[in-house]
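Notes for the structure review
The residues making up each chain are set out below.
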Amino acid sequence: AAIFVKTGESDVEGEMAAIKESFRNEAGIKKERLFQKKFTKPILIAFLIATLNQLSGINAILYYAPRLLEMSGVFRDGAMLQSVIVGLTNLTFTMLGMALIDKLGRRTLIAIGAVGMVVAQAMVARGFYLNEFEGYTLLICICAYVACFALSLGATIWVVIAEVFPNSVRSDGQVLGSMTHWVWSALLTWFFPLCLFIGGEYIFAFFSIIAALSLIFAWWLPETKGKSLEQIQKELL
């Protein structure tokens, strides 16, 4: 109870009662199978947020930023230095996202970031299609995408995956979300250099479409801001 008081909880007795009730409900159920019908929605949320996170192109862009900047023909000599700027952008806006996640909510952050990602990646695709990159346009667009990603999907993924599963399957659920995330990351990293031969405009158009789908995901995702794990469990199951 003292911890709830320190964290500013207004209904301490209510939260304590909810926690005790959850323990009573889970008494004797030490472990459950993750893949059951009642866990369909949490599984979908974990799978989709991990998939959208990676297929929006973040790791491919971070890993191959120097190559992308060289392809534009503008940063042939300073591509590596420019990639440092991209990394710092990612760090800065990830920290900002973590600061805002409990103020604005998960859905709002994802929606805001999705709009920014769509615009930034569409501009990159347009630049590759027209072969027009003037000055720092490509670098600005890539940094804008990374900032929007870090603020939204980058900041929310691990929080959402940890929140949506009940205690009886939380560890398995987090494994599922993490595995989905890193399998897509590995596949994208392996195939991205080959995809570059197809053309940067097609790759970034695909990334832009995935970013647009994350906007739909934000609309569908239940908001968990300000809710206890017990409340979330009741709403999702």
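Here, the structure is the one placed above.
Quick summary incoming for the structure in this document. (Residues numbered from 1 in each chain as written. Predicted model: local features only at pLDDT ≥ 70, side-chain atom pairs only at ≥ 80, totals over all residues. Heavy atoms only, no water.)

**Here's the deal with the packing of aromatic side chains**
For the coordinates displayed, the defined rule picks out 7 aromatic pairs. Pairing Y145 with F149 gives two aromatic rings, centres 6.2 Å apart and planes at 35 degrees, and the pair type is tilted. Of this pair, Y145 and F149 both sit in helix α8 (residues 137-151), 4 residues apart, which is roughly one turn of that helix. On the accessibility criterion, Y145 (1% relative accessible area) is buried. The class for F149 is buried, based on a relative accessible area of 5%. Among the aromatic residues, those joined into a cluster by ring pairs are Y64, F128, F192, F204, F206 and F207. (Phe/Tyr/Trp six-rings, centres within 6.5 Å; stacked < 30°, edge-to-face > 60°. Helix = DSSP H or I, 4+ residues; strand = E, 2+ residues; numbered from the N terminus. Buried < 20%, exposed > 50% of the residue type's maximum accessible area, 1.4 Å probe, protein only.)

**Looking at the side chain of S208**
With respect to the helices and strands, the residue S208 is situated in helix α11 (residues 200-220). We classify S208 as buried; its relative accessible area is 10%. Ignoring any residue separated from it by four or fewer positions in sequence, one finds S208 in contact with V118, Q121 and A122. (Contact = heavy atoms within 4.5 Å.)

**What about the environment of R107?**
Examined against the element boundaries, R107 turns out to sit in helix α7 (residues 106-130). Separated by 110 residues in sequence, R107 and F217 have C-alpha atoms that sit 8.5 Å apart. Among the polar contacts listed, one links the side chain of R107 to the backbone oxygen of L221, at a separation of 3.1 Å. (Polar contact = N/O pair within 3.5 Å; in protein donor to acceptor, adjacent residues only side chain to side chain.)

**Digging into the pattern of salt bridges**
A full pass over the atoms with the stated rule returns 2 salt bridges. Residue D102 is joined to R106 by a salt bridge in which the shortest nitrogen-to-oxygen separation is 2.8 Å. According to the relative accessible area criterion, D102 is exposed, its value standing at 52%. In this structure, R106 and E163 form a salt bridge, with 2.6 Å as the shortest nitrogen-oxygen distance. Of this pair, R106 sits in helix α7 while E163 is found in helix α9 (residues 153-164), placing the two residues 57 residues apart along the sequence. Side by side, R106 and E163 carry an identical accessibility label, which is buried. Sharing partners across several salt bridges, the network here consists of D102, R106 and E163. (Salt bridge = Lys/Arg side-chain N within 4 Å of Asp/Glu carboxyl O.)

**Notes on the nonpolar core**
The tendency in soluble globular proteins is for nonpolar side chains to be buried as a group. Grouped together as the largest cluster of nonpolar side chains are 52 residues, with contacts concentrated most on I49, I61, I142, Y145, F165 and F204. With sequence-adjacent residues up to four places away left out, Y145 is seen in contact with S56, G57, I58, I61, M117, A120 and Q121. (Core = buried A, V, L, I, M, F, W, Y, C linked by side-chain atoms within 4.5 Å.)

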